[in-house]
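These are the residues of each chain, in order.
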Amino acid sequence: MPETETALQRYTPDVNPWLIAVAVILPTFMEVLDTSIATVALPYIAGSLSSSVNEASWVLTFYLLSNAVILPASAWFSLRFGRRNYLIVSVVVFTIASFFCGAADSLLMILIARLVQGAAGGGLQPLSQAILTESFPREKLGLAMAVYGLGVVVAPILGPTLGGWFILHYSWRWAFYFKIPVGFIAVALILRYVKDPPYIKNASPGRFDSIGFGLLALGLGSLQIMLDRGQQDDWFGSVMIRWLFCIMIVCLVGFVFSQLRHKKTLVDLSVFKYRNFTVGCLLIFLFGAAIYAAITLLPLYYQTVMGYSGWWAGLVVAPRGVGAILGMVVIGALISRIDTRIMVAAGFVIFAVCSLFWGHIDLQIGPWSFLIPIVVSGFASGMVFVPLSAVALGELPNAMVGNGSGLYNLMRNIGGSIGISVFETLLARHEQLRHSQLVQHLASGSVVAQNHLHSLTDMFSNFASGATAHDQAIAAVGREINRQAALLSYVDDFRYMALACFCCLPVVWMLKSVRGRSRAGAH
């Protein structure tokens, strides 16, 4: 092995790695939290800035768009400017943009601020994961990924609850303002504890690949807009969606072709020659689709069907965060003793079983009816995330960890966006289907339905004339049909989610068998 490569593999930080972990987990938590916390604030942002909710939804789209573009390019920026410098600048810009988001007095101002905020936040996840991967010895990589998972998995769960609390007690603006002191603390800790490894200081990334970056930006931007607007615009029934799809295909194929032609490029695609990394990216894509769909659907059910406020809907699903924290800690400690494939497979199975439990929802459930499956689903997410991150990145040489981390996080985020989009589309389509089935059942002359209609007419006749009472009874039945159709569509979605998790099991066994302690001398 060449001397330079040997030196790279022997690199260890000169401070306690747990201090580094605290320094980098704060900005990661802050960045991941930003997406879910803004979701519950959209109606309030729309009302405050005199725009529709549909227009305000661009607050999420602009953030995700710029975030997705920067994620895979973060490795080049860290090599060009230094990982520590790039991390500090990202946190500072993210914090300043958070202030302008909260202070926005127009929709245009908050959209520009969110675009900048997303670009700054795009580097935080891969930088933090790369720093943690290198700071801990290989045999403790599971613990490092457990710490990183606290930001990536727990933050989206706590976001709706925290956002609902700020909206309830203060205003939507504080959902952005509260990140400012967190940003200052993060910068101080990074300055104190984080340093660049030798290969970062001596790196020569080459010229900036402007063509590759432009193709990547257009391709991922088109994908993100297509996913965010697809359901509203009837997918490929919309001319705009068809154009976005064509632009996405052409640009992403062109990007891959441009990266394979040159040696020093924006993204090093040779990282996919490592089997565990490639399979890990596929699995984190599928896991992102499942976990983000679950995080979105359950609070949405409580709000739209059960009539809960955003605060209460977030509070009901918040115990998933407790399960996730327990899962991170327990799995992080056990990863060196158990085959990672067993843990990942068990995590998918448990998450699928929890989805089947949610598939038994009805209109009589209380706030804590699903407390146990919600907590257990959080534990299952830790069982998937921790060992999968460790096995996917643990196989890579140190010099490739930054590049691999950017691609790995990009796959998780794209999986989450696609998962949310697919399940929301299924929700809308199945609600129409179920509504049609229920109306057909009512129109068929069902004795039960007719008796219910007559009893409602008799009840309303105590307060109105016969014709009016009959109309009110029909309206009441119509509202009940709408609720039942919505309920059945959520049941369908949760069962599809369980099926998707079970289908992931064969992919898990494509991973090479790796135990935590055996990785210590792997390189």
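Residues numbered from 1 in each chain as written. Predicted model: local features only at pLDDT ≥ 70, side-chain atom pairs only at ≥ 80, totals over all residues. Heavy atoms only, no water.

1. Let's talk about the overall build of the protein chain
Point 1. Of the regular secondary structure elements, the protein chain holds 23 helices and zero strands.
Point 2. Scaling as 2.2 N^0.38, a compact globule of 523 residues should have a C-alpha radius of gyration of about 24 Å, and the protein chain matches this with 25 Å.
Point 3. In terms of overall dimensions, the protein chain has C-alpha extents of about 95 × 50 × 45 Å along its principal axes.
Point 4. The 523 residues of the protein chain split such that 55% are buried.
Point 5. For the protein chain, contacts bridging at least 24 residues in sequence account for 85% of all contacts bridging at least 6. (Helix = DSSP H or I, 4+ residues; strand = E, 2+ residues; numbered from the N terminus. Rg over C-alpha atoms; globule rule 2.2 N^0.38 Å. Buried < 20%, exposed > 50% of the residue type's maximum accessible area, 1.4 Å probe, protein only. Contact = heavy atoms within 4.5 Å.)

2. Side note on the pattern of salt bridges
Point 1. The full count for this structure, using the stated rule, is three salt bridges.
Point 2. Taking the shortest distance from any N to any O, the salt bridge between Asp339 and Arg341 comes out at 3.1 Å. Assigned by exposure class, Asp339 and Arg341 land together as buried.
Point 3. A salt bridge links Arg434 to Asp492, with the shortest nitrogen-to-oxygen separation between them at 2.9 Å. Of this pair, Arg434 sits in helix α20 (residues 398–443) while Asp492 sits in helix α22 (residues 466–503), placing them 58 residues apart in sequence.
Point 4. Under the relative-accessibility criterion, Arg434 is labelled partly exposed at 23%. (Salt bridge = Lys/Arg side-chain N within 4 Å of Asp/Glu carboxyl O.)

3. Focus on the environment of Leu158
Point 1. Mapped onto the secondary structure, Leu158 falls in helix α9 (residues 141–169).
Point 2. On a C-alpha basis, the gap between Leu158 and Val322 in space is 9.9 Å, while along the polypeptide they are 164 residues apart.
Point 3. Sequence-distant contacts of Leu158, that is, excluding residues within four places in its chain, are made with Phe29 and Leu33.

4. Thoughts on the confidence of the model for the protein chain
As a note on interpretation, predicted positions should not be read in detail where pLDDT is low.
Point 1. Residues with a pLDDT of 70 or more make up 92% of the protein chain, whose mean pLDDT is 82.
Point 2. In the model, residues 1–10 has pLDDT below 50 throughout and makes nine contacts with residues more than four positions away in sequence or in other chains.
Point 3. With pLDDT under 50 throughout, residues 516–523 is counted as low confidence; its partners more than four residues away or in other chains account for 24 contacts. (pLDDT = per-residue confidence, 0-100.)

5. Examining the side chain of Ser405
Point 1. Topologically, Ser405 is positioned in helix α20.
Point 2. Look at Ser405 and you get buried, because its relative accessible area is 0%.
Point 3. There is a polar contact of 3.0 Å between the side chain of Ser405 and the side chain of Gln129.
Point 4. Leave out the neighbours within four places in its chain, and Ser405 touches Gln125, Pro126, Gln129, Ala130 and Leu393. (Polar contact = N/O pair within 3.5 Å; in protein donor to acceptor, adjacent residues only side chain to side chain.)

6. Details of the packing of helix α8 (residues 124–135) against α9
Point 1. Closest axis-to-axis distance for the α8/α9 pair is 9 Å, and the angle between their directions is 160°. When the axes of α8 and α9 are compared, the pair comes out roughly antiparallel. Note that α8 runs across α9; the crossing there is right-handed. Within the contact between the two elements, α8 uses Gln125, Ser128, Gln129, Leu132 and Thr133 and α9 uses Leu141, Ala144, Met145, Tyr148 and Val152.
Point 2. Split into classes, the residues belonging to the contact of α8 with α9 amount to six nonpolar, four polar and no charged. (Axes fitted to C-alpha atoms, helices over the stretch in contact; angles between N-to-C directions. Parallel < 35°, antiparallel > 145°, perpendicular 65-115°, else oblique. Left-handed = near helix turned anticlockwise from the far one by under 90°. Nonpolar A, V, L, I, M, F, W, Y, C, P; charged D, E, K, R; others polar.)

7. Quick look at helix α11 (residues 179–193)
Point 1. When the terminal C-alpha atoms of α11 are compared, their 21 Å separation across 15 residues agrees well with the 21 Å that a helix rising 1.5 Å per residue should span.
Point 2. Where α11 is buried, its residues touch α2 (17–39), α6 (83–103) and α10 (174–177). (Expected span 1.5 Å × (residues − 1).)

8. Observations regarding a nonpolar patch on the surface
Point 1. Together, Val89, Val93, Leu108, Ile112 and Val116 give the surface a local cluster of nonpolar side chains, amounting to about 410 Å² of exposed area.
Point 2. When residues of the nonpolar patch are traced back to their parent elements, those giving at least two are α6 and α7 (107–121).
Point 3. Among the elements that make up the nonpolar patch, the one with the highest residue count is α7 (three residues).
Point 4. With respect to the secondary-structure elements, Val89 resides in helix α6.
Point 5. For Val89, a relative accessible area of 49% puts it in the partly exposed group. (Patch = residues over 30% accessible without salt bridge, like charges linked within 9 Å, V, L, I, M, F, W, Y side chains within 5 Å. Areas by Shrake-Rupley, 256 points an atom, 1.4 Å probe, with all protein chains shown as cover.)

9. Description of α2
Point 1. In this model, α2 (23 residues) spans 34 Å end to end at C-alpha, consistent with the 33 Å of a helix rising 1.5 Å per residue.
Point 2. Leu33 marks the point of greatest bend in α2, at about 30°.
Point 3. You can read the cap of α2 off the contacts: a side-chain oxygen lies 2.8 Å from the backbone nitrogen of Trp18, and it is on Asn16. (Bend = angle between axes of the 7 residues up to and from the residue.)

10. Describing the nonpolar core
Point 1. In terms of nonpolar packing, the biggest core is built from 127 residues, with Phe277, Tyr301, Tyr302, Phe348, Ile361 and Leu388 touching the most fellow members.
Point 2. If you tally residues by element for this core, the top one is helix α15 (residues 275–304), at 16 residues. (Core = buried A, V, L, I, M, F, W, Y, C linked by side-chain atoms within 4.5 Å.)

11. Points about the environment of Leu511
Point 1. Tracing the backbone shows Leu511 in the segment after α23 (505–508).
Point 2. Setting aside its immediate chain neighbours within four residues, Leu511 contacts Arg275, Asn276, Val279, Gly280, Leu283, Arg341, Leu388 and Val391.

12. Observations concerning unusual backbone geometry
Point 1. Of note in this structure, Ser50 is not a glycine but carries a positive phi near 55°.
Point 2. Relative to the elements of secondary structure, Ser50 occurs in the loop between α3 (42–48) and α4 (53–56).
Point 3. Phi is positive for Trp235, close to 45°, though the residue is something other than glycine.
Point 4. Structurally, the position occupied by Trp235 is in the loop between α13 (210–229) and α14 (239–261).
Point 5. On the accessibility criterion, Trp235 (17% relative accessible area) is buried.

13. What to know about the packing of helix α5 (residues 58–81) against α7
Point 1. Across the interface, α5 lies against α7 with an axial gap of 7 Å and an inter-helix angle of 30°. In this view, α5 runs roughly parallel relative to α7, as classed from their interaxial angle. For the pair α5 and α7, the sense of crossing is right-handed. Only Ile110, Leu111, Arg114, Leu115, Gln117, Gly118, Ala119 and Gly121 of α7 make contact with α5, whose side of the interface consists of Trp58, Val59, Leu60, Phe62, Tyr63, Ser66, Asn67 and Ile70.

14. Overview of the state of the cysteines
Point 1. Tallying each qualifying case throughout the model produces zero disulfides.
Point 2. Counting only cysteine sulfurs, Cys501 is the nearest neighbor of Cys354, a cysteine outside any disulfide, at a range of 9.5 Å.
Point 3. Cysteine Cys504 is unpaired, with the sulfur of Cys501 as its nearest cysteine sulfur at 5.9 Å.
Point 4. Exposure remark for Cys504: the relative accessible area of 5% places this residue in the buried category. (Disulfide = S-S within 2.5 Å.)

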